[in-house]
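Results of the structural survey
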Amino acid sequence: MAAITAAMVKELREMTGAGMMDCKKALTATEGDMDKAVEFLREKGLAGAQKKAGRIAAEGIVATCVTEDEKSAVVVEVNAETDFVAKNEKFQTYVAEVAAQAVNTTAADVEGFLAETWALDTSMTVKEKLSSMISIIGENMNIRRFKQVKEENGFIASYIHAGGKIGVLVDVETDVINDGVKEMAKNVAMQAAALKPLYTNRNEVDADYLAKEEEILTAAAKQEKPDANDKIIAGMVKGRINKELKEICLMDQTYVKAEDGKQSVSAYVAEVAKANGAKINIKGFVRFETGEGLEKKEENFAEEVAKQMGM
């Protein structure tokens, strides 16, 4: 077998645009045969993927996958460069496949997940399948994140909003699982999608954060009412903190479907629990929104279409 040199790896990389490690792997697998190495990379879909790796991938979709027994679920975000590709059926099918694998993964992070064997083709890894899809679709793509949720004493509810712009999982601990309880869980998931809470309940809110907020609001209240006594100031601060918590805590939020416009999410859940003779606890939720926190490039639709058409 011919020795694989740095010069050979460099040459193959320049020919194909594939990554250095992929080129070395291809040359090793083909015993240094350059032509066969090129074929190897093309078959794996790795040729050309590296050239697209620098592009910003801030569009894409969020997908969920729930096991048949509804005890385990995952939400994933896979990014592409344009919304045009995000609406592509081939891309959407691929993201669903990623979610189906992620629901069973033992990986702790995306790096570990990418190193796994791709379940639908054990000849490649998850990363190699991603590179293959980049070559096929023609845009940089990225498996950005995933989050698993498990619940043995209840079920996981999922909700996808706007075709994958937002995905939510809700962890429901309950001793009764029926249509009424499942409808409640979906409504709570829709609430989380729409009102973007930061926490499930007040117990999750960081004590240091609350202490700092109390300090800031106390100073503000004293400026507003310099002649007020400590009891009045404390009442003002408590009211303002409660108002803030009602905005950022899911269970404290006003339920969007409340007929009186006042019922909280926790009161709605309690109402459903009573009606179904159930003990229900919303233990947590996960909310992913596509592209949140990522830089997005400006690109008009006409240019996007022209690029897809090769014009």
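Structure's up top.
Residues numbered from 1 in each chain as written. Predicted model: local features only at pLDDT ≥ 70, side-chain atom pairs only at ≥ 80, totals over all residues. Heavy atoms only, no water.

**Observations concerning helix 8 (residues 179-195)**
- Between its first and last C-alpha atoms helix 8 spans 24 Å; for 17 residues at 1.5 Å apiece the expected length is 24 Å, and the two agree.
- Within the span of helix 8, buried status applies to Val181, Met184, Ala185, Asn187, Val188, Ala189, Gln191, Ala192 and Ala193.
- For helix 8, the elements touching its buried residues are strand 4 (154-161), strand 5 (166-174), helix 11 (265-275) and strand 6 (280-289).
- For helix 8, the N-terminal cap is Asn178; the gap from its side-chain oxygen to the backbone nitrogen of Gly180 is 3.1 Å.
- Following helix 8 by one or two positions, Lys196 adopts a phi angle in the positive range, close to 50 degrees. (Helix = DSSP H or I, 4+ residues; strand = E, 2+ residues; numbered from the N terminus. Expected span 1.5 Å × (residues − 1). Buried < 20%, exposed > 50% of the residue type's maximum accessible area, 1.4 Å probe, protein only. Contact = heavy atoms within 4.5 Å. Polar contact = N/O pair within 3.5 Å; in protein donor to acceptor, adjacent residues only side chain to side chain.)

**Some points on the packing of helix 1 (residues 6-16) against helix 3 (residues 34-44)**
- Direction vectors running N to C along helix 1 and helix 3 enclose 50 degrees, while the axes themselves pass 11 Å from each other. Classified by the interaxial angle, the pair formed by helix 1 and helix 3 is oblique. Regarding helix 1 and helix 3, the two cross each other, and that crossing is right-handed. Facing Met8, Glu11, Leu12, Met15 and Thr16 of helix 1, the residues of helix 3 in contact are Met34, Ala37, Val38 and Leu41. (Axes fitted to C-alpha atoms, helices over the stretch in contact; angles between N-to-C directions. Parallel < 35°, antiparallel > 145°, perpendicular 65-115°, else oblique. Left-handed = near helix turned anticlockwise from the far one by under 90°.)

**Points about the side chain of Glu128**
- Topologically, Glu128 is positioned in helix 7 (residues 126-137).
- Among the polar contacts made by the side chain of Glu128, one reaches the main-chain amide nitrogen of Thr125 at a distance of 2.9 Å.

**Here's the deal with the environment of Val170**
- Positionally, Val170 belongs in strand 5.
- The class of Val170 is buried, set by a relative accessible area of 0%.
- Residues within four places of Val170 in sequence aside, it is in contact with Phe155, Ile156, Ala157, Ala185, Val188, Ala189, Ile282, Gly284 and Phe285.

**Describing the pattern of salt bridges**
- Applying the stated criterion across every chain yields a total of 14 salt bridges.
- Among the ionic contacts, a cluster of salt bridges with common partners joins Glu59, Asp83, Lys87 and Lys165. (Salt bridge = Lys/Arg side-chain N within 4 Å of Asp/Glu carboxyl O.)

**Some details on the nonpolar core**
- Judged by nonpolar contacts, the single largest core of 29 residues is most densely connected at Val76, Phe91, Tyr94, Phe113, Met141 and Ile143.
- Among the elements of the structure, strand 1 (59-66), strand 2 (72-80), helix 4 (83-86), helix 5 (89-102), helix 6 (110-114), helix 7 and strand 3 (142-150) are those that each provide at least two residues to this core.
- Ranked by the residues each element gives to this core, the list is headed by helix 5, at 6 residues.
- Setting aside residues up to four positions removed in sequence, Met141 forms contacts with Asn79, Ala80, Phe91, Tyr94, Leu130, Met133 and Ile134. (Core = buried A, V, L, I, M, F, W, Y, C linked by side-chain atoms within 4.5 Å.)

**Side note on the pairing of strand 6**
- Of all 10 residues in strand 6, 7 are buried, a share of seventy percent or more.
- When strand 5 meets strand 6, the two strands line up antiparallel, connected through 9 bridges. Along strand 6, the bridge assignment pairs Gly167 with Phe288. (Pairing = 2+ DSSP bridges.)

**Focus: the environment of Ala194**
- Along the chain, Ala194 turns up in helix 8.
- Along the chain, Ala194 and His161 lie 33 residues apart, while their C-alpha atoms are 8.8 Å from each other.

**Section: the sheet that holds strand 6**
- Strand order across the open sheet formed by 3 strands is 4-5-6, with antiparallel pairing between neighbours. At either end of the open sheet lies a strand with only one pairing partner, and these are strand 4 and strand 6. Pairs of neighbouring strands in the sheet enclose a mean axial angle of 15 degrees, with direction left out of account.
- Strand direction decides the pairing type here: strand 4 and strand 5, joined by 8 bridges, are antiparallel. Among the inter-strand pairings, Phe155 is bridged to a residue of strand 5, identified as Val172.

**A word on the sheet that holds strand 1**
- The strand order across the open sheet formed by 3 strands is 1-2-3, and the pairing between neighbours is antiparallel. Taken across any chain shown, the strands that pair with only one partner, and hence form the sheet edges, are strand 1 and strand 3. Neighbour to neighbour, the strand axes of the sheet diverge by 15 degrees on average, direction disregarded.
- Bridge count between strand 2 and strand 3: 8 bridges; the pairing is antiparallel.

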